[in-house]
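So the chains spell out like this:
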Amino acid sequence: MNLLARREQSFAELQQKLAQKFPHLDGDEVILPALERLREEDLQSDARFLESYVRHRMLAGMGPLRIDMELVQKGVGSRHARAAIYHEDNDWIALCREAMEKRFSEAPPADMAEKQKRYQFLQQRGFDSEQIRQVLG
């Protein structure tokens, strides 16, 4: 419960953290039933975790590819992750534009070297080629 009190956590994250904290316990007999009970009582929800995580990373200026990769590393199933990432309310083009304007100015790139620099920055942030092309024009 202490872990969930701080922030939403995925089922896989909780399982991994508890296994590390209590290596002497049999995870299948002790940890899994406890986590299943939390899930049944709706104290742990992967859907809430996904919504919270995607929103948090979007506010940090990260793109959909990067968020998806991070979620896979956290053990969240990619089908559910992609549904949260590509929700109809998420405007990735606008977010890509915001990230670029925050880092660079609103002025168009002066030359190809500057355009390439912006492209690489946005790509590292996790935006796909089509989103970057639309923003860079």
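Note that the structure is predicted; figures quoted are calculated from it, not measured. (Residues numbered from 1 in each chain as written. Predicted model: local features only at pLDDT ≥ 70, side-chain atom pairs only at ≥ 80, totals over all residues. Heavy atoms only, no water.)

Colleague: What should I look at first to understand the nonpolar core in this one?
Modeller: Note on soluble globular proteins: their nonpolar side chains tend to be buried together. Core analysis: the largest hydrophobic core is formed by 24 residues, its most contacted members being I67, L71, W92, L122, F127 and I132. Listed by contribution, the elements that provide at least two residues to this core are α4 (46-59), α5 (64-73), α6 (78-85), α7 (92-103), α8 (112-125) and α9 (129-136). Setting aside anything within four residues of it in sequence, one finds L122 in contact with C96, A99, M100, F127 and I132. In terms of nonpolar packing, the next biggest core, distinct from the first, is built from 6 residues, L4, L14, L35 and L38 among them. (Core = buried A, V, L, I, M, F, W, Y, C linked by side-chain atoms within 4.5 Å. Buried < 20%, exposed > 50% of the residue type's maximum accessible area, 1.4 Å probe, protein only. Helix = DSSP H or I, 4+ residues; strand = E, 2+ residues; numbered from the N terminus. Contact = heavy atoms within 4.5 Å.)

Colleague: In this structure, what is going on with the pattern of salt bridges? I would like to understand it.
Modeller: Pairing is possible between side chains that carry opposite charge, provided their charged atoms lie close to one another. Going through the model one piece at a time under the given rule, you end up with 12 salt bridges. Between R48 and D42 there is a salt bridge, and its shortest N-O distance comes to 3.3 Å. Each of R7, E13 and K74 takes part in one network of salt bridges that share partners. (Salt bridge = Lys/Arg side-chain N within 4 Å of Asp/Glu carboxyl O.)

Colleague: What is the right way to read the packing of α5 against α6 from this model?
Modeller: A pair of packed helices is characterised by two quantities: the angle between their axes and the separation of those axes. Interhelical geometry of α5 versus α6 gives an angle of 150 degrees and a closest axis separation of 10 Å. Here α5 runs over α6; the crossing is right-handed. In contact with P64, I67, D68, L71 and V72 of α5, α6 contributes S78, A81, R82 and I85. (Axes fitted to C-alpha atoms, helices over the stretch in contact; angles between N-to-C directions. Left-handed = near helix turned anticlockwise from the far one by under 90°.)

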